[in-house]
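Structural overview
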Amino acid sequence: MHTDDNILQFIHGGPMLEDVRLQATATWVCRPPLQTVNTLHLALEATAMEYDDYRQMISSCHLLSTLVIYDSTFLEWDWKNDPIDVPNLRSLQIYGSSSKFICEPSKILWALTSSKLEEFILAPVTRHDLYFLYDVQPTDSRLRNIKSLTMVPANEHCVDTISLAAEFFTGIERLTLPHVCSEERFTDEFNSEKMSGLWHRLRELTFNEIDENNESMLLSIAHSRKIAGKPLERILLDPLSYRRVQSSKSNILCGLQNAGVSVAESPRWDVFWPDGTSLRMGKYNWIGVHHSNFEAED
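Because the structure is a prediction, the values reported are computed rather than measured. (Residues numbered from 1 in each chain as written. Predicted model: local features only at pLDDT ≥ 70, side-chain atom pairs only at ≥ 80, totals over all residues. Heavy atoms only, no water.)

**So, the overall build of the protein chain**
Defined as follows: Each helix is a run of DSSP H or I of at least 4 residues and each strand a run of E of at least 2, with the numbering of both proceeding from the N terminus. Note on classification: 1.4 Å probe, protein chains only; a residue is buried when its accessible area is under 20% of the maximum for its type, exposed when over 50%, partly exposed between these limits. Throughout, a residue-residue contact means that at least one pair of heavy atoms, one from each residue, lies within 4.5 Å.
Helix and strand counts for the protein chain stand at 12 helices and 16 strands. A burial count over the protein chain gives 53% of its 298 residues as buried. Sequence-distant contacts, at least 24 apart, represent 73% of the contacts inside the protein chain between residues at least 6 apart.

**Details of the pattern of salt bridges**
As a reminder, the rule being used: Counted as salt bridges are all cases of a side-chain nitrogen of Lys or Arg within 4 Å of a carboxyl oxygen of Asp or Glu.
Under the counting rule described, the total for this entry stands at five salt bridges. The partner of Glu167 in a salt bridge is Lys194, and the shortest N-O contact between them spans 2.6 Å. Taken together, the residues span a long stretch of sequence, with Glu167 in helix α7 (residues 161-168) and Lys194 in helix α9 (residues 193-196) at a distance of 27 residues. In this structure Glu167 comes out as partly exposed when scored by relative accessible area, which is 27%. Note that Glu233 is salt-bridged to Arg203, the shortest N-O span being 3.6 Å. Taken together, the residues span a long stretch of sequence, with Glu233 in the loop between α10 (216-227) and β13 (234-237) and Arg203 in the loop between α9 and β12 (204-207) at a distance of 30 residues.

**Overview of unusual backbone geometry**
Glycine aside, residues mostly have negative phi, and peptide bonds are mostly found in the trans state. Here the residue pair Ala123 and Pro124 is connected by a cis peptide bond, since its omega of -10° sits within 30 degrees of zero. Mapping Pro124 onto the fold places it in strand β9 (residues 119-125). Positive phi, close to 50°, is recorded for Trp199, a residue that is not glycine. Considering the arrangement of structural elements, one finds Trp199 in the loop between α9 and β12. Even without glycine at this site, Glu209 takes up a positive phi of about 55°.

**Some thoughts on the packing of aromatic side chains**
Using the following cut-off: In this analysis, rings of Phe, Tyr and Trp, with Trp reduced to its six-membered ring, are considered paired at centre separations within 6.5 Å, and the interplanar angle assigns stacked below 30 degrees, edge-to-face beyond 60, and tilted for intermediate values.
Counted by the stated rule, this structure contains five aromatic pairs. Residues Tyr95 and Trp269 carry aromatic rings whose centres are separated by 6.4 Å and whose planes lie at 50° to one another, so their mutual orientation is tilted. Note that Tyr95 is positioned in strand β7 (residues 91-95) and Trp269 in the loop between β14 (262-265) and β15 (279-281), a separation of 174 residues in sequence. For the pair formed by Tyr95 and Trp269, the shared burial category is buried. Taking the centre distance of 5.5 Å and the plane angle of 40° together, the rings of Phe186 and Phe190 count as tilted. Residue Phe186 and its partner Phe190 are both found in helix α8 (residues 183-190); the two are separated by four residues, about one turn of the helix. Each member of the pair, Phe186 together with Phe190, is buried. One aromatic cluster in this structure is built from Tyr70, Tyr95 and Trp269.

**Focus on the nonpolar core**
Here is the rule we go by: As used in this record, nonpolar core signifies buried Ala, Val, Leu, Ile, Met, Phe, Trp, Tyr and Cys residues forming a set joined through side-chain atoms within 4.5 Å.
By size, the foremost hydrophobic cluster in this structure holds 69 residues, and its most contacted members are Tyr54, Leu67, Phe169, Trp199 and Phe207. Among the elements that take part in this core, α7 stands out by supplying five residues, more than any other. Contact partners of Phe169, with chain neighbours within four places excluded, come to Leu109, Phe120, Leu133, Leu143, Ile146, Leu149 and Trp199. Formed by eight residues, the second largest nonpolar core is a distinct cluster that contains Tyr70, Tyr95, Ile121 and Val152.

**Structural notes on the confidence of the model for the protein chain**
Note that predicted coordinates carrying low pLDDT should not be read in detail. In plain terms, the rule: The predictor attaches a confidence to each residue, called pLDDT, with possible values from 0 through 100.
Chain-level pLDDT for the protein chain is 77 on average; 71% of the residues reach the 70-or-more range. Between the elements of the protein chain, mean pLDDT differs from a low of 30, seen in strand β16 (residues 284-286), to a high of 96, seen in β13. In the predicted structure, residues 1-9 sits below a pLDDT of 50 and forms five contacts with residues beyond four places in sequence or in another chain.

**Points about the side chain of Ser163**
Filter applied, for reference: Two N or O atoms count as a polar contact when they lie within 3.5 Å, although within protein this holds only if one can serve as hydrogen donor and the other as acceptor, and sequence-adjacent residues are included solely when both atoms are side-chain atoms.
Its location among the elements puts Ser163 in helix α7. Classification of Ser163 as buried rests on a relative accessible area of 4%. For Ser163, the side chain forms a polar contact with the side chain of Glu189, separated by 2.3 Å. Those residues in contact with Ser163, other than ones at most four positions away along the chain, are Glu189, Lys194, Met195 and Leu198.

**Structural notes on the pairing of β9**
Stated formally: Criterion used throughout: strands pair if DSSP finds at least two bridges between them.
Of all seven residues that make up β9, seven are buried, and the element is covered over most of its length. Here β7 runs beside β9; their pairing, made up of five bridges, is parallel. Paired with Ile94 across the bridge in β9 is Leu122. Where β9 and strand β10 (residues 148-153) come together, five bridges link them in parallel fashion. Each residue of the ladder has a partner; that of Phe120, found in β10, is Leu149.

Shown next as structure tokens:
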């Protein structure tokens, strides 16, 4: 899209477009009423979008089922009294450093109303990203209906965001943790007395980068959930981790089976920026192709 004619044509609508990705200044000049769009990616970079413009863009996508936001900044608005109705939204994905968000990611979530929203992805995540949820009711359907949660604590000091998320997203059935910064802290947090009373419906966990140095946490978590009366059913691992676990001398698969947990292979969960560069979080490199847990219904 390099000519004025192309931009003008885009503004007047794209009746055949279903997947739209807008980056930087494109978000300012390309705000068409795309009635057929079901997937929208927004990467504002150094710019900030007015809420009215954001509302107009999102509201025009009547079939929108997946909204992906990268490192974007939104100017503050009356988020409690001015939500956006997105009736078909099923997946909300927010990627980027929380320091670049003028508006907290949890407010972006809260400002969208959809009875079909069932997947929320936040990477990386700090406690600050979720603080706003203290001001709302955890029993609200916007939180309770979410079944699949993917989160990447920004560093080992943010591991407690897992129990914080469990307080708010009470209906989670599938939890994806692509990168565990500290296996010891994570295991302690996940097996804590507080967590034993949360996530009653949790049945499936997904991990990356499992090897002989951290595989024991899988068995610890499985046993902890079983003792708490909320047993896991399945653990999914990326292909390399799955092969490692299969050949492990500790026979971890047998231990998990005895705990009633099956182990299966799943595509590696990772993410690229819109320009193709990898997402880097502090000293941790987290690269590859994003695999969403969200499965759209026909």
